Amino acid sequence: MSDYFRFADSLGPEKIVHIYEPALQLKAIVVIDNTAAGCAIGGIRMALNGSVEECSRLARAMTFKNALAGLPHGGGKSIILADPSMPAAEKEQIVRAFAVAIRDLAEYVPGPDMGLDETAMAWVKSEIGRASGLPRAIGGIPLDEIGATGYGLCVAAEAAQEFAGFTLEGARIVIQGFGAVGRHAAQFFAKKKARLVGVSDSKGAIADPDGLDISRLLSIKGQGGSIIDYNPAKIIRPDDLIAIACEIWIPAARPDVLTENNVVALRTKLVLQGANIPATAQAEHRMGELGILNVPDILANAGGVITAAVEYRGGTEHSAFDLIQRNITANTHAVLAAARAENILPRQAAINIAQRRIESAMALRRWHL
Ligand code: NAD
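Attention here is on the structure that accompanies the text. Because the structure is predicted, anything quoted here is derived from the model rather than measured.

This brings us to the overall build of the protein. A tally of regular secondary structure across the protein gives 12 helices and 12 strands. Rg of the C-alpha trace for the protein: 20 Å, near the compact-globule value of 21 Å for 369 residues, within the 12% margin. Once the C-alpha set of the protein is aligned to its principal axes, its extents read approximately 55 × 50 × 40 Å. Across the 369 residues of the protein, 56% fall into the buried class. Once local pairs closer than 6 in sequence are excluded, the contacts in the protein between residues at least 24 apart make up 64%. Of the roughly 15,500 Å² that the protein leaves accessible, carbon and sulfur atoms contribute 51%. For the protein, the separation between the mean place of its 37 positive charges and that of its 39 negative charges on side chains is 2 Å.

What follows is the structure, given as structure tokens:
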């Protein structure tokens, strides 16, 4: 029993809920980390693998991300343990059943995450009356369709370039994962005249030092193909993506892909964390020693939560993009300047700012959380 408290620290988590519905073989985990500033906003991930530990780390990342972005929300996360490529009707049934199971967790407002999209959020909303990242047709700002997180990554890179010693124009970019985050990031960086020199998806990886044609990649993915169908492609081993010479390396797929063992192979100036928790703590320390600037997930990929918060208050797509621009620019400067001045890692600098805000919100509560 006490094992469940192994994640407990001064901020949370407030609740860890296991959900099991034998009739549908629905298995899910919900972690509501901290709601001192307001209801917890955080995605539902559908994946075959996932653990309480991973869910707790992701929920904490959402607590910090919301606080750092100055949003009146706490952090939460859920994982439905299932194959996201299951038939659509089955997926709808599982997601609706999950929604019903979290009906009474009123302090948790779910959003989309890996394996689920805005349509799935519409199913959740229709069951329990709350969800973020909704389709336009029901008043949402579809954050994956508009590329809110990819846009935020580009804003963060623009603010970080002076700290990392390169300019975006002509910069070489490598992106691991070409889904909602990765493909939009590629397009926003192309508008800044940066070039994509390496990319991967779950099927494989390709590289071209002269630059890959993003519109062709998008069209291949749009037809259900993989980036390895790109022609002519120099197919590389997925593990070799890390060693491509570039200015910006963007993880935009799975957790813990950067470890203390593989970051030594990086040949980049900046790691921009599109994915959530893509690097272990040891990997981040090693990157610091290697002189690679690392803009952490809780700062770099906040475009999604900022959009979700704007949508939750009935705001527009335009105001979401405006807030992402102002907010991520200011926070990237503040975090990287503090990291430099205090000689600490950017993640620690970001956490310090976020934690001060969370603690001041907790101090206003009777029982802190
Ligand atoms: P997605 O499901 O749309 O795309 C994931 C991509 O990663 C796909 O192209 C998939 O093929 C690829 N992929 C999966 N396993 C891979 C592997 N082992 N190697 C290389 N590529 C692999 O998901 P998404 O919404 O783009 O989210 C990606 C990451 O970004 C997740 O960590 C998510 O939590 C995080 N994130 C997403 C948002 C958002 O707005 N969608 C916001 C913040 C953070």
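Next comes the rest of the description.
A few words now on helix α6 (residues 180–191). Between its first and last C-alpha, α6 extends 17 Å over 12 residues, near the 16 Å set by a 1.5 Å rise per residue. Lysine 193, located one to two residues past α6, shows a positive phi value of around 65°.

Near the ligand there are 23 residues, and of these Arg45, Asp144, Thr149, Val181 and Asn276 occur at the shortest range. Contact between the ligand and threonine 149: an oxygen atom at 2.7 Å from a side-chain N or O atom of the residue. For the ligand, whose unbound accessible area comes to 830 Å², protein coverage reaches 81%. For the shell around the ligand, the secondary structure elements donating two or more residues are α4 (143–146), α6 and β7 (195–201). In terms of residue class, the shell around the ligand is built from eight nonpolar, 10 polar and five charged.

Sheet architecture is open: five strands sit in the order β1-β2-β4-β3-β5, paired in mixed fashion. A strand with exactly one partner marks an edge of an open sheet, and here the two such strands are β1 (15–21) and β5 (108–112). This sheet shows a mean twist of 20° between the axes of neighbouring strands, independent of strand direction. Relative to β5, strand β3 (residues 40–47) runs parallel, the two sharing five bridges. Counterpart to isoleucine 41 in the pairing with β5 is valine 109. Against the sheet, helix α1 (residues 52–68) makes contact with β1, β2 (26–34), β3 and β4 (74–81), and its axis sits at roughly 150° relative to β4, the strand it touches most.

Further remarks concern the packing of aromatic side chains. Scanning all chains against the criterion turns up three aromatic pairs. Look at tyrosine 151 and phenylalanine 321: their rings are 4.8 Å apart centre to centre, the planes differ by 55°, and that puts the pair in the tilted class. Note that tyrosine 151 is positioned in helix α5 (residues 148–164) and phenylalanine 321 in helix α11 (residues 317–342), a separation of 170 residues in sequence. Tyrosine 151 sits in the buried class, given a relative accessible area of 18%. Classification of phenylalanine 321 as buried rests on a relative accessible area of 18%.

A few words on the sheet that holds β7. Across the sheet, which stays open at both edges, the seven strands sit in the order β9-β8-β7-β6-β10-β11-β12 with mixed pairing between neighbours. Each edge of the open sheet carries a strand with a single partner, namely β9 (234–236) and β12 (293–295). Put simply, the sheet's adjacent strands are angled 20° from each other on average, direction ignored. Of the strand pairs in this sheet, strand β6 (residues 172–176) and β7 are connected by five bridges, and their pairing is parallel. Pairing of isoleucine 173 across the sheet is with leucine 196, part of β7.

For the rest of this paragraph, the subject is the side chain of aspartate 33. For aspartate 33, the location among the structural elements is in strand β2. On the basis of relative accessible area, aspartate 33 is assigned to the buried category, the value being 2%. Of note is the side chain of aspartate 33, whose polar atom sits 2.7 Å from the side chain of arginine 60. Side chain to side chain, aspartate 33 and threonine 63 meet in a polar contact 2.6 Å long. Not counting chain neighbours up to four residues away, the residues in contact with aspartate 33 comprise Leu11, Gly12, Pro13, Glu14, Ala59, Arg60, Thr63, Gly75 and Gly76.

With respect to the helices, strands and loops of the structure, asparagine 34 is situated in strand β2. Taking relative accessible area as the criterion, asparagine 34 reaches 1% and is therefore assigned buried. Within polar-contact distance, the side chain of asparagine 34 engages the backbone oxygen of leucine 11 at 2.9 Å.

So, on to the state of the cysteines. Note: disulfide means a covalent bond formed between the sulfur atoms of two cysteine side chains. Under the criterion given, the structure shown has zero disulfides. In this model cysteine 39 remains outside any disulfide bridge; the closest cysteine sulfur is found in cysteine 55, 17 Å from its own.

What follows deals with the packing of α5 against α11. As a packed pair, α5 and α11 sit with axes 9 Å apart at the nearest point and diverge in direction by 35°. Note on packing geometry: the crossing formed by α5 with α11 is right-handed. Of the residues in α11, those touching α5 at Ala148, Tyr151, Gly152, Val155, Ala156, Ala159, Ala160, Glu162 and Phe163 are Phe321, Ile324, Gln325, Ile328, Thr329, Thr332, His333, Leu336, Ala337 and Arg340. Its residues assigned to classes, the contact of α5 with α11 shows 12 nonpolar, five polar and two charged.

Before going further, it helps to spend a moment on the pattern of salt bridges. As enumerated under the stated definition, the model contains 20 salt bridges in all. Between aspartate 9 and arginine 60 there is a salt bridge, with the nearest N and O atoms lying 2.8 Å from each other. Residue aspartate 9 is located in the segment before β1, and its partner arginine 60 is located in helix α1; the two are separated by 51 residues in the primary sequence. One network of salt bridges, with partners in common, ties together Arg45, Glu54, Lys77 and Asp113.

Rules and cut-offs
- Residues numbered from 1 in each chain as written.
- Predicted model: local features only at pLDDT ≥ 70, side-chain atom pairs only at ≥ 80, totals over all residues.
- Heavy atoms only, no water.
- Helix = DSSP H or I, 4+ residues; strand = E, 2+ residues; numbered from the N terminus.
- Rg over C-alpha atoms; globule rule 2.2 N^0.38 Å.
- Buried < 20%, exposed > 50% of the residue type's maximum accessible area, 1.4 Å probe, protein only.
- Contact = heavy atoms within 4.5 Å.
- Areas by Shrake-Rupley, 256 points an atom, 1.4 Å probe, with all protein chains shown as cover.
- Lys, Arg positive; Asp, Glu negative; His and termini not counted.
- Charge placed at Lys NZ, Arg CZ, Asp CG, Glu CD.
- Expected span 1.5 Å × (residues − 1).
- Near = heavy atom within 4 Å.
- Polar contact = N/O pair within 3.5 Å; in protein donor to acceptor, adjacent residues only side chain to side chain.
- Nonpolar A, V, L, I, M, F, W, Y, C, P; charged D, E, K, R; others polar.
- Pairing = 2+ DSSP bridges.
- Axes fitted to C-alpha atoms, helices over the stretch in contact; angles between N-to-C directions.
- Phe/Tyr/Trp six-rings, centres within 6.5 Å; stacked < 30°, edge-to-face > 60°.
- Disulfide = S-S within 2.5 Å.
- Left-handed = near helix turned anticlockwise from the far one by under 90°.
- Salt bridge = Lys/Arg side-chain N within 4 Å of Asp/Glu carboxyl O.

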